[in-house]
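Residue-level structural notes
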Amino acid sequence: MEPGRRDSLALLTDLYQFTMAYGYWRAGRQREPAEFELFFRRCPFQGGFALSAGLGECLAFLRGFRLRGPEIKYLQSVLPSTMEKAFFDYLRTVDASEITVSSVPEGSIVFATVPLLQVKGPLLVVQLLETTLLSLVNYASLVATNAARFRMLAGPDKKLLELGLRRAQGPDGGLSASKYSYIGGFDWTSNVLAGKLYGVPVRGTVAHSYVMSFTSLAEVQPRTLKPLDGDEPVDFLPLAESWLRQVCQTLQVPHDRVNQGELAAFMSCAIAFPHNFYGLVDTYSIMGGWDSQNFLPARPILLLALGRSGIPNFCAVALALNQLGYRAVGIRVDSGDLGKQAREIRQVLRTCSADFQVPWFATIPIAVSNDVSERSLEELMQEGNEIDMIGIGTNLVTCPLQPSLGCVYKLVKVNGCSKLKLTEDEEKMTIPGSKVVYRLYAATGLAFMDLMALEEEPPPRAGQEVAVCMLGRSEVARRVTPMAVEILHRTYFKDGQVCQALPSLLEIKSHAQASLSMLSPVHKRLQDPEPYQVAVTEKLHFLLSDLRRSSR
C-alpha cells in the first residue's frame, strides 16, 4: 500500500517546537545527530497490551515534510520579532531526507516503555517531528486496541460493525476510528468515506425515520417486483398481505392491529432492495408483550400486545420475497434487552421456518445495536444469545474508559551521548541509549518477554541463556532461555523515502490478529491481566544505573 502524502502537516505541531528549533540553531547544534523514542507508559484500559497503529500515516507525513513559503511567513508572524531572519531561511531547507525511522510492524502488540517508533536524524528536525508523530500514533493505537478488546469479547464468529461517525470527535476522528477499528478486528464500517479512502468494507440498513415516514400502503410506489427467475412483474402488496395473514395466524397476532406504516416501509424497502432486505423491527414494538416463558415449541407463539410488531411485518415481507426467489439478509434491533429479544426473535423465525417449510428462514442473521459497551457486550456473551452481528459506535470511537493512550516522545541519545530523564516519578524515567528490542518466545510458541539491549550488544540466541534485569523490579539479574527470538523493529524510512513495502489494511488487520494469538491469555484478560515482562540487558541496566548516579 503506497502511503499518501500529507503535505500540509508541517505546522500541525506545538509552537514550542519552533522555539526549541531556534535555540538549537542559535547554538549551532541543529545538525547534531539525535535519537528519540515514541512509547507509552501504561497499557490502555487497565489492560495488558496495546496494538500499534498509525505507522502508514507517519510515513506519509515524513515523505511530505517541508516548510514552504506560506508556512514560513506565518511562523514569522507568530514567533518573536527578535528572531534572526537567517533562521527562517534555514527552515526553508528543512526536510526529512536525513531521517531514519524504525518501527514495530503496524498492528503488532506492544507494551509499556517499549518504543513503537525510533526516530534518528539531525537534532532540529527530529525535534520538529515530535507533536505530529504523537498525534498520528496516539489515537490510532488507542482505538485499534479498543476495537481488539471488543473483538475478544465478541469472539471470532460474531460480525462487528463500527458505526460511530456521528459520535466521533469530528470528521478526522470519525475517519481514523473507522480505519483503525478495522485493524483492531471489526468487519465493517458505516462510514462511506472511510470505505472510499481506505477500502474498509461498508454496511448499513435503514433508520427509524425511514420506517416512521410511511403511514399507509398507498405510499408504496412502485408496487411491483419481478421474480428472480421471471420476467413478468408481480404486484408485491397483495402477496405480502397474504403472507401477513398467515404469519398473524401462526403467531396469534390480530391482523387488523399490525402497524400499516411499518408494513409499508418494509414493502417499499423490499421492492427497492430485494437482494438486500434488512428489517429494522423496533420502531413501534418488536414482540409486544409476548411472554417467552410460556413458549413451547409444540404450541403457537402468542404476541400479547396489540400486534403492532415489527416481527410479523418483517416475516410477511421476507416470506413474500422468498416466494419470488429472494432471501432477506437480516433483522436489526436497536433498543431494549438485546439478548432476550434476539432469543425471542430466533424462536419466531424457527417457527415460521417450520410452519411454512422455508429452511433458511430459521437462520436469518440478527443484528443488534444500542449503545453497546464492553460491559454490556460481556453480559451478552455470558448469557448466550442468538445475535449474529453487533453494531458499536460511541463506546468504540470515543474510548470512554480511557480517552488518551498517553504516548510520549523522548530524547535517548544526542551527539553520541546517551540521555536519561530522571524524575522523582519513577514511571516517567526514560531508558537511555540506542537500542534494539527483542521479543522472546517460550517453547509454547507464546511471547513471554520483550528485551531491550544496546545496539552494540550481541543479540540473544534461541536456546541460550541470557541475563536480564526486569524493569521496575529488583536490580538482581535473572536468567531466561528463549526458544525463539524476534527483532521487534524494522527500518521503514531512510534517506527521505519509505524503504519497506507496506502492507494493505487487510494485511495489517490479519497481522494484528496473528500478533494477539502469540500472547498468552493471562496477558489478554480485559480485567486484571497478568503484566507482560519487559526487561533490559545487564549492560543496559549498568548504563541506566550510571546515568542515574551521575545525574544526582
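Residues numbered from 1 in each chain as written. Predicted model: local features only at pLDDT ≥ 70, side-chain atom pairs only at ≥ 80, totals over all residues. Heavy atoms only, no water.

This paragraph deals with the nonpolar core. By size, the foremost hydrophobic cluster in this structure holds 164 residues, and its most contacted members are Leu-124, Phe-236, Phe-314 and Phe-361. In terms of residue count, the dominant contributor to this core is helix α6 (residues 130–154) (14 residues). Apart from residues lying up to four places away in sequence, Phe-314 is in contact with Phe-266, Phe-277, Gly-279, Val-281, Ala-328, Gly-330, Ile-331, Leu-349 and Ile-364. By size, the runner-up hydrophobic cluster in this structure holds 12 residues, among which are Ala-453, Val-466, Met-470 and Ala-535. (Core = buried A, V, L, I, M, F, W, Y, C linked by side-chain atoms within 4.5 Å. Buried < 20%, exposed > 50% of the residue type's maximum accessible area, 1.4 Å probe, protein only. Helix = DSSP H or I, 4+ residues; strand = E, 2+ residues; numbered from the N terminus. Contact = heavy atoms within 4.5 Å.)

Going residue by residue along strand β13 (residues 389–392), you find Met-389 and Gly-391 tucked away on one face and Ile-390 and Ile-392 tucked away on the opposite face as well. Here 4 bridges tie strand β6 (residues 159–162) to β13, and the two strands are oriented parallel to one another. Considered in β13, the bridge of Leu-161 is made with Gly-391. Pairing of strand β12 (residues 366–369) with β13 involves 3 bridges; the strand directions are parallel. Each residue of the ladder has a partner; that of Val-368, found in β13, is Ile-390. Viewed along the sheet, the connection from β12 through helix α14 (residues 374–383) into β13 turns out right-handed. (Pairing = 2+ DSSP bridges. Right-handed = clockwise from strand over helix to strand, strands pointing away.)

Before going further, it helps to examine the sheet that holds strand β11 (residues 330–333). Across the sheet, 6 strands lie side by side as β7-β6-β13-β12-β11-β10; this open sheet has parallel pairing. Where the open sheet ends on each side, the last strands, each with one partner, are β7 (188–189) and β10 (278–280).

Once that is clear, we can look at the sheet that holds strand β5 (residues 117–122). In spatial order, the strands read β15-β14-β1-β5-β3-β21-β22; together these 7 strands make up an open sheet with antiparallel pairing. The open sheet has two edge strands with one neighbour each: β15 (417–418) and β22 (497–498). As judged from the 4 bridges shared by strand β3 (residues 100–103) and β5, these two strands associate in the antiparallel manner. Bridge pairing links Ser-102 to Gln-118 in β5. Along the sheet face, helix α2 (residues 55–63) touches β3, β5, β21 (490–494) and β22 and points at about 25 degrees away from the line of β21. Relative to the sheet, α6 contacts β1 (33–39), β5 and β14 (408–414), its axis offset from that of β14 by approximately 135 degrees. (Axes fitted to C-alpha atoms, helices over the stretch in contact; angles between N-to-C directions.)

Attention now goes to the pairing of strand β23 (residues 533–537). Most of β23 is tucked away: 5 of the 5 residues are buried. The alternating pattern of β23 places Gln-533, Ala-535 and Thr-537 and Val-534 and Val-536 on opposite faces, both of which are buried. Where strand β17 (residues 447–454) lies against β23, 4 bridges are found, and the strand directions are parallel. Each residue of the ladder has a partner; that of Met-452, found in β23, is Val-536. Two elements, strand β18 (residues 466–470) and β23, share 3 bridges in a ladder whose sense is antiparallel. Paired with Val-468 across the two strands is Thr-537, which belongs to β23.

On to helix α11 (residues 260–272), then. With 13 residues, α11 extends 18 Å between its outermost C-alpha atoms, agreeing within 8% with the 18 Å of an ideal straight helix rising 1.5 Å per residue. Turning to α11, its buried residues number three or more, namely Gly-261, Glu-262, Leu-263, Ala-264, Ala-265, Phe-266, Met-267, Ser-268, Cys-269, Ala-270 and Ile-271. (Expected span 1.5 Å × (residues − 1).)

Okay, the packing of aromatic side chains next. The tally for this structure, following the rule as stated, stands at 13 aromatic pairs. Both rings, one in Phe-111 and one in Tyr-532, keep their centres 3.8 Å apart while their planes meet at 15 degrees; by these two values the pair is stacked. Placement of Phe-111 in the loop between β4 (109–110) and β5 and of Tyr-532 in the loop between α17 (521–524) and β23 is noted, with a sequence separation of 421 residues between them. When sorted by exposure, Phe-111 lands in the same class as Tyr-532, which is buried. Site record: aromatic cluster; members linked through ring pairs are Tyr-22, Trp-25, Phe-87 and Phe-88. (Phe/Tyr/Trp six-rings, centres within 6.5 Å; stacked < 30°, edge-to-face > 60°.)

What follows deals with the pattern of salt bridges. By the definition in use, this model includes 19 salt bridges. Residue Asp-334 is joined to Arg-332 by a salt bridge in which the shortest nitrogen-to-oxygen separation is 3.7 Å. Under the relative-accessibility criterion, Asp-334 is labelled partly exposed at 21%. Arg-346 is paired through a salt bridge with Asp-388; the nearest N and O atoms lie 2.8 Å apart. Here Arg-346, found in helix α13 (residues 338–355), pairs with Asp-388, found in the loop between α14 and β13; they are 42 residues apart in sequence, far enough to count as distant. With relative accessibility at 4%, the residue Arg-346 sits in the buried group. Overall, the relative accessible area of 29% leaves Asp-388 in the partly exposed class. Each of Arg-346, Arg-350, Glu-386 and Asp-388 takes part in a single network of salt bridges with overlapping partners. (Salt bridge = Lys/Arg side-chain N within 4 Å of Asp/Glu carboxyl O.)

Two numbers describe how helix α12 (residues 310–323) lies on α13: the axes approach to 11 Å, and their chain directions differ by 35 degrees. Of the two possible hands of crossing, α12 and α13 adopt the one that is right-handed. For the pair formed by α12 and α13, the contact residues are Ile-311, Phe-314 and Cys-315 on the first element and Ile-345, Val-348, Leu-349 and Cys-352 on the second. For the contact of α12 with α13, the residue count by class is 7 nonpolar, no polar and no charged. (Left-handed = near helix turned anticlockwise from the far one by under 90°. Nonpolar A, V, L, I, M, F, W, Y, C, P; charged D, E, K, R; others polar.)

The next subject is the packing of α6 against α14. α14 packs onto α6 with a crossing angle of 15 degrees between their chain directions and a minimal axis gap of 9 Å. Between α6 and α14, the interaxial angle falls into the category roughly parallel. When the axes of α6 and α14 are compared, the crossing they make is right-handed. The residues of α14 that touch α6, namely those facing Asn-146, Arg-149, Phe-150, Leu-153 and Ala-154, are Glu-374, Leu-377, Glu-378 and Met-381. (Parallel < 35°, antiparallel > 145°, perpendicular 65-115°, else oblique.)

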